[in-house]
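These are the residues of each chain, in order.
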Amino acid sequence: MRGSVQLWWIGDQEESERMLEHVRSHLVRAFRTEVGILRDPRRPADSWDPRRRQHSSKKILSFLLEAGPPPPARVLGVTDRDLFIPILTFVFGEAQLGGRAAVVSTARLDDGVPVSPRVLWERVATECVHEVGHTYGLLHCSTERCAMGRSPSVRDVDAKRGLLCRDCLARLGG
Ligand SMILES: [Zn+2]
Ligand SMILES: [Zn+2]
(Lines give C-alpha, C1' and ligand atoms only; values in the text may rest on other atoms or scores of the structure.)
(Ligands and ions follow the chains in the order given, each with its own letter.)
Protein backbone atom coordinates (compact mmCIF):
# COMPACT_ATOMS: atom_id res chain seq x y z
CA MET A 1 0.00 0.00 0.00
CA ARG A 2 1.15 3.52 -0.77
CA GLY A 3 1.81 5.92 2.11
CA SER A 4 -1.34 7.31 3.65
CA VAL A 5 -2.61 10.85 3.21
CA GLN A 6 -3.87 13.09 5.98
CA LEU A 7 -6.35 15.69 4.88
CA TRP A 8 -6.28 18.84 6.99
CA TRP A 9 -8.62 21.84 6.77
CA ILE A 10 -6.43 24.89 7.41
CA GLY A 11 -8.85 27.60 6.30
CA ASP A 12 -10.10 30.63 8.17
CA GLN A 13 -13.79 29.87 7.87
CA GLU A 14 -15.38 26.78 9.29
CA GLU A 15 -14.76 23.65 7.28
CA SER A 16 -17.37 21.95 5.18
CA GLU A 17 -17.48 18.40 6.43
CA ARG A 18 -19.18 17.23 3.27
CA MET A 19 -16.57 18.82 1.07
CA LEU A 20 -13.77 17.10 2.99
CA GLU A 21 -15.57 13.78 2.71
CA HIS A 22 -15.96 14.35 -1.01
CA VAL A 23 -12.24 15.06 -1.38
CA ARG A 24 -11.41 12.06 0.76
CA SER A 25 -13.40 9.68 -1.40
CA HIS A 26 -11.71 10.99 -4.57
CA LEU A 27 -8.26 10.52 -3.05
CA VAL A 28 -9.07 6.99 -1.92
CA ARG A 29 -10.29 6.12 -5.40
CA ALA A 30 -7.41 7.76 -7.24
CA PHE A 31 -4.52 6.52 -5.09
CA ARG A 32 -5.99 3.43 -3.41
CA THR A 33 -4.52 4.46 -0.12
CA GLU A 34 -5.72 5.27 3.35
CA VAL A 35 -6.90 8.87 3.71
CA GLY A 36 -7.59 10.29 7.14
CA ILE A 37 -9.03 13.63 8.16
CA LEU A 38 -6.84 15.46 10.65
CA ARG A 39 -8.62 17.61 13.24
CA ASP A 40 -6.29 20.34 14.39
CA PRO A 41 -7.15 23.99 15.01
CA ARG A 42 -3.64 25.23 14.25
CA ARG A 43 -3.22 27.43 11.18
CA PRO A 44 -0.15 28.71 9.32
CA ALA A 45 0.69 31.96 11.10
CA ASP A 46 3.22 33.54 8.74
CA SER A 47 1.80 32.91 5.27
CA TRP A 48 0.18 36.33 4.74
CA ASP A 49 2.05 38.64 2.39
CA PRO A 50 0.87 42.21 3.04
CA ARG A 51 2.22 43.48 -0.27
CA ARG A 52 0.39 40.90 -2.38
CA ARG A 53 -2.53 40.63 0.02
CA GLN A 54 -2.42 36.88 -0.50
CA HIS A 55 -0.92 33.88 1.23
CA SER A 56 2.38 32.29 0.25
CA SER A 57 1.76 28.68 -0.70
CA LYS A 58 5.47 27.94 -0.01
CA LYS A 59 5.09 29.04 3.60
CA ILE A 60 1.96 26.94 3.93
CA LEU A 61 3.82 23.88 2.63
CA SER A 62 6.54 24.47 5.24
CA PHE A 63 3.91 24.73 7.95
CA LEU A 64 2.28 21.48 6.84
CA LEU A 65 5.61 19.64 6.94
CA GLU A 66 6.43 21.00 10.37
CA ALA A 67 3.04 20.74 12.03
CA GLY A 68 1.58 17.80 10.15
CA PRO A 69 1.90 14.06 10.68
CA PRO A 70 5.39 12.48 10.67
CA PRO A 71 6.77 10.63 7.64
CA PRO A 72 5.91 8.60 5.71
CA ALA A 73 2.39 10.08 5.85
CA ARG A 74 1.58 12.77 3.33
CA VAL A 75 -0.35 15.86 4.31
CA LEU A 76 -2.79 17.75 2.13
CA GLY A 77 -3.89 21.11 3.46
CA VAL A 78 -7.16 22.51 2.13
CA THR A 79 -7.75 26.18 2.73
CA ASP A 80 -9.96 29.11 1.80
CA ARG A 81 -6.93 31.42 1.79
CA ASP A 82 -5.97 32.91 -1.57
CA LEU A 83 -2.58 31.45 -2.54
CA PHE A 84 0.26 32.76 -4.67
CA ILE A 85 3.71 31.81 -5.84
CA PRO A 86 6.01 34.69 -6.81
CA ILE A 87 5.73 34.29 -10.60
CA LEU A 88 1.94 33.89 -10.79
CA THR A 89 -1.10 35.99 -9.91
CA PHE A 90 -2.55 33.08 -7.97
CA VAL A 91 -2.46 29.29 -7.79
CA PHE A 92 -5.18 26.75 -7.07
CA GLY A 93 -2.59 24.75 -5.19
CA GLU A 94 1.00 23.67 -4.89
CA ALA A 95 2.81 20.47 -3.98
CA GLN A 96 6.30 19.21 -3.37
CA LEU A 97 7.10 16.96 -6.30
CA GLY A 98 7.86 13.57 -4.80
CA GLY A 99 7.55 15.06 -1.32
CA ARG A 100 5.03 14.84 1.48
CA ALA A 101 3.11 18.12 1.45
CA ALA A 102 0.49 19.67 -0.79
CA VAL A 103 -2.03 22.47 -0.48
CA VAL A 104 -5.18 23.37 -2.38
CA SER A 105 -7.20 26.56 -2.06
CA THR A 106 -10.92 26.97 -2.62
CA ALA A 107 -10.52 30.75 -2.97
CA ARG A 108 -10.35 30.97 -6.77
CA LEU A 109 -12.28 27.85 -7.66
CA ASP A 110 -15.62 29.64 -7.88
CA ASP A 111 -14.11 32.06 -10.43
CA GLY A 112 -15.98 34.92 -8.78
CA VAL A 113 -19.26 33.36 -9.89
CA PRO A 114 -21.23 31.63 -7.15
CA VAL A 115 -21.71 27.95 -7.97
CA SER A 116 -23.49 25.11 -6.26
CA PRO A 117 -21.51 23.38 -3.51
CA ARG A 118 -21.50 20.25 -5.63
CA VAL A 119 -19.66 21.96 -8.50
CA LEU A 120 -17.20 23.57 -6.12
CA TRP A 121 -16.48 20.29 -4.30
CA GLU A 122 -15.84 18.55 -7.59
CA ARG A 123 -13.30 21.20 -8.55
CA VAL A 124 -11.64 21.05 -5.15
CA ALA A 125 -11.47 17.25 -5.33
CA THR A 126 -9.94 17.35 -8.83
CA GLU A 127 -7.25 19.80 -7.75
CA CYS A 128 -6.58 17.76 -4.62
CA VAL A 129 -6.00 14.63 -6.71
CA HIS A 130 -3.72 16.74 -8.94
CA GLU A 131 -1.56 18.09 -6.09
CA VAL A 132 -1.37 14.78 -4.24
CA GLY A 133 -0.40 13.19 -7.57
CA HIS A 134 2.63 15.50 -7.64
CA THR A 135 3.68 14.29 -4.18
CA TYR A 136 3.68 10.76 -5.60
CA GLY A 137 6.01 12.00 -8.32
CA LEU A 138 3.46 12.41 -11.12
CA LEU A 139 4.15 15.16 -13.63
CA HIS A 140 1.65 17.01 -15.80
CA CYS A 141 -0.25 14.79 -18.20
CA SER A 142 -1.86 15.58 -21.53
CA THR A 143 -4.39 12.75 -21.56
CA GLU A 144 -7.83 14.19 -21.96
CA ARG A 145 -9.69 14.67 -18.67
CA CYS A 146 -6.85 13.33 -16.52
CA ALA A 147 -6.61 15.08 -13.14
CA MET A 148 -2.87 15.58 -13.76
CA GLY A 149 -3.61 17.90 -16.71
CA ARG A 150 -2.52 21.52 -16.35
CA SER A 151 -5.33 23.79 -15.24
CA PRO A 152 -4.52 27.48 -15.10
CA SER A 153 -8.23 28.41 -15.18
CA VAL A 154 -11.44 27.14 -13.65
CA ARG A 155 -12.59 26.16 -17.12
CA ASP A 156 -9.59 23.85 -17.40
CA VAL A 157 -10.43 22.35 -14.02
CA ASP A 158 -13.98 21.65 -15.18
CA ALA A 159 -12.65 19.92 -18.28
CA LYS A 160 -10.88 17.36 -16.10
CA ARG A 161 -12.18 14.57 -13.91
CA GLY A 162 -11.04 13.97 -10.39
CA LEU A 163 -9.32 10.73 -11.39
CA LEU A 164 -6.03 9.62 -12.87
CA CYS A 165 -5.83 8.29 -16.42
CA ARG A 166 -4.49 4.82 -17.11
CA ASP A 167 -1.02 6.11 -17.97
CA CYS A 168 -0.72 8.02 -14.71
CA LEU A 169 -1.97 5.00 -12.74
CA ALA A 170 0.69 2.91 -14.46
CA ARG A 171 3.34 5.51 -13.55
CA LEU A 172 2.18 5.28 -9.94
CA GLY A 173 2.92 1.61 -10.11
CA GLY A 174 -0.60 0.23 -10.19
ZN1 LIG B 1 0.44 20.61 -11.39
ZN1 LIG C 1 -2.71 11.19 -16.79
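Quick summary incoming for the structure in this document.

Overall, mixed pairing links the five strands, which are arranged β2-β1-β5-β8-β7 in an open sheet. Two strands close off the open sheet at either side, each with one partner strand: β2 (35-38) and β7 (93-95). Going across the sheet, the axis of each strand differs from the next one's by a mean of 20 degrees, ignoring polarity. Sheet strands touched by helix α2 (residues 57-67): β5 (74-79), β7 and β8 (101-105). Its angle to β8, the strand with the most contacts, is close to 130 degrees.

L27, L76, C128 and V132 are the most contacted members of the largest nonpolar core, which totals 43 residues. If you list the elements that add at least two residues to this core, you get β1 (5-9), α1 (17-31), α2, β5, β6 (83-84), β8 and α3 (117-135). It is α3 that provides the largest number of residues to this core, a total of six residues.

It is worth spelling out the packing of α1 against α3 at this point. Contact pair α1 / α3: the axes reach a minimum separation of 9 Å and the direction vectors enclose 40 degrees. With respect to their mutual orientation, α1 and α3 come out oblique. With respect to the hand of their crossing, α1 and α3 are arranged in right-handed fashion. Note on element contacts: α3 touches α1 through W121, V124, A125, C128, V129 and V132, opposite M19, H22, V23, H26, L27, A30 and F31. Each residue belonging to the contact of α1 with α3 can be placed in one class, and the counts come to 11 nonpolar, two polar and no charged.

Cut-offs used in this document
Residues numbered from 1 in each chain as written. Chains lettered and ligands numbered in written order. Predicted model: local features only at pLDDT ≥ 70, side-chain atom pairs only at ≥ 80, totals over all residues. Pairing = 2+ DSSP bridges. Helix = DSSP H or I, 4+ residues; strand = E, 2+ residues; numbered from the N terminus. Axes fitted to C-alpha atoms, helices over the stretch in contact; angles between N-to-C directions. Contact = placed C-beta atoms within 7 Å. Core = buried A, V, L, I, M, F, W, Y, C linked by C-beta atoms within 7 Å. Buried ≥ 20, exposed ≤ 12 C-beta atoms within 10 Å, placed from the backbone. Parallel < 35°, antiparallel > 145°, perpendicular 65-115°, else oblique. Left-handed = near helix turned anticlockwise from the far one by under 90°. Nonpolar A, V, L, I, M, F, W, Y, C, P; charged D, E, K, R; others polar.

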